[in-house]
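Observations on the three-dimensional arrangement
Letter by letter, the chains look like this.
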Amino acid sequence: KAMGAKVIAGVSETAKMKYPQSIGADRVFCYGRDESSFAQFKNNVRNAAAELGHPAGVDLVVDVVQGRLFEAALVSCVRPLGTICLVGFTAGQTPIRPGLLLVKEVNVVGSIWGRWAKENPELHRGNVKRMLNFLVSGAIRPRVDRIFQVKDFVRAFELFEKNEGRGNTVVCFREELRRAKL
């Protein structure tokens, strides 16, 4: 959104819809947890993309969920020659059928950037500088859900495993930083 994109956000439950709306998502839809809700999500996203000027589908999907949602909805939301960027698999990993991607003409890329950053240090520094400038200007705001002391790191991981977080969960190694405003 900070770079001028139209944003259609997906959340797993309706209780999570308010936050993406509050930070400027153009549309927010619930994808739910079953095939019928995935189908409704797919239809909602395709309709929203058309309303936002992209009748062939969205240009880019950033997928942190994977699981059954990937094939049931996300592949159908992307325009031909669009991209799905995999950044996580909170719903688990499922096999990806290459034939489906071929027919749809969809690019799928992984987003583990560590190797790229190491091989392209100047470009990486430029990207980090740009993101920091977005933070300083207020164009993006990190969402810190909870801050845990290092002695409670297991609770932080349990929060993540149960999908109960509503933003970034922080494990703080220094007490004075824990009290700081993040």
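Residues numbered from 1 in each chain as written. Predicted model: local features only at pLDDT ≥ 70, side-chain atom pairs only at ≥ 80, totals over all residues. Heavy atoms only, no water.

**As for the overall build of the protein**
For clarity, the cut-off: Each helix corresponds to a stretch of at least 4 residues labelled H or I by DSSP, and each strand to a stretch of at least 2 residues labelled E; elements are numbered beginning at the N terminus. Burial classes: relative accessible area under 20% of the type maximum marks a residue as buried, over 50% as exposed, and values in between as partly exposed (1.4 Å probe, protein chains only). By definition in these notes, contact holds between two residues if any of their heavy atoms fall within 4.5 Å. Shrake-Rupley sampling with a 1.4 Å probe provides the accessible areas, and residues are treated as covered by the protein chains on show and by no other component. When charges are counted, neither His nor the chain ends are considered; positive counts come from Lys and Arg and negative counts from Asp and Glu. For charged residues, the charge sits on one atom: NZ in Lys, CZ in Arg, CG in Asp, CD in Glu.
The number of helices and strands found in the protein is eight helices and seven strands. Taken along its principal axes, the extent of the C-alpha atoms in the protein is 55 × 40 × 30 Å. Counting all 182 residues of the protein, 25% fall into the buried class. Excluding contacts between residues fewer than 6 apart, the proportion of contacts in the protein whose partners are at least 24 apart in sequence is 46%. Just so you have it, the protein exposes about 12,200 Å², and 57% of that area is on carbon and sulfur atoms. Of note, the protein has its 28 positive side-chain charges centred 5 Å away from the centre of its 18 negative side-chain charges.

**A look at helix α6 (residues 121-137)**
Convention followed: To estimate how far a helix should extend, the number of its residues minus one is multiplied by 1.5 Å.
Taking 1.5 Å per residue as the helical rise, α6 with its 17 residues ought to reach 24 Å, and the 24 Å between its terminal C-alpha atoms agrees with that figure. Of the residues flanking the end of α6, it is Gly 138, one or two places downstream, whose phi is positive at about 85°.

**Observations regarding the side chain of Lys 104**
We apply this condition: Between Lys or Arg on one side and Asp or Glu on the other, a salt bridge is scored when a side-chain nitrogen of the former is within 4 Å of a carboxyl oxygen of the latter.
Relative to the helices and strands, Lys 104 is located in helix α4 (residues 98-104). In this structure Lys 104 is buried but unpaired, with Glu 105 as the nearest side chain of opposite charge at 8.7 Å. What Lys 104 contacts, discounting residues up to four positions off in sequence, is Arg 46, Val 75, Ser 76, Val 78, Pro 80 and Leu 81.

**Topic: the nonpolar core**
What counts is decided by this rule: As used here, the term nonpolar core means buried Ala, Val, Leu, Ile, Met, Phe, Trp, Tyr and Cys residues forming a set that is joined through side-chain atoms within 4.5 Å.
One finds Phe 41, Val 58, Leu 69 and Ile 84 to be the most contacted residues of the largest nonpolar core, which totals 20 residues. No other element matches helix α3 (residues 67-77), which puts six residues into this core. Sequence-distant contacts of Phe 41, defined by excluding residues within four places in its chain, comprise Ala 9, Gly 10, Phe 29, Cys 30, Tyr 31, Leu 69, Ala 73 and Leu 74.

**Quick look at the confidence of the model for the protein**
Heads up, the rule is: pLDDT expresses how confident the predictor is about each individual residue, on a scale running from 0 to 100.
Overall, the predicted model of the protein reaches an average pLDDT of 89, with 96% of residues at or above 70. Looking across the protein, the model is least confident in helix α8 (residues 175-178), with a mean pLDDT of 62, and most confident in strand β2 (residues 27-30), with 97.

**Concerning the packing of aromatic side chains**
Our working definition: Pairing of aromatic rings covers Phe, Tyr and the six-membered ring of Trp, with a centre-to-centre limit of 6.5 Å; geometry is then stacked below 30 degrees between planes, edge-to-face above 60, and tilted otherwise.
Applying the stated criterion across every chain yields a total of two aromatic pairs. Here the aromatic rings of Tyr 31 and Phe 41 are separated by 5.8 Å at their centres, their planes lie at 80°, and the arrangement is edge-to-face. Within this pair, whereas Tyr 31 is found in the loop between β2 and α2 (35-51), its partner Phe 41 is found in helix α2, the two being separated by ten residues in sequence. Per residue, the accessibility class of Tyr 31 equals that of Phe 41, and both read buried. Arranged with centres 6.4 Å apart and planes meeting at 85°, the rings of Phe 153 and Phe 157 form a pair that is edge-to-face. Taken as a pair, Phe 153 and Phe 157 lie in helix α7 (residues 153-161) at a separation of four residues, close to a single helical turn. Judged by relative accessible area, which is 51%, Phe 157 ranks as exposed.

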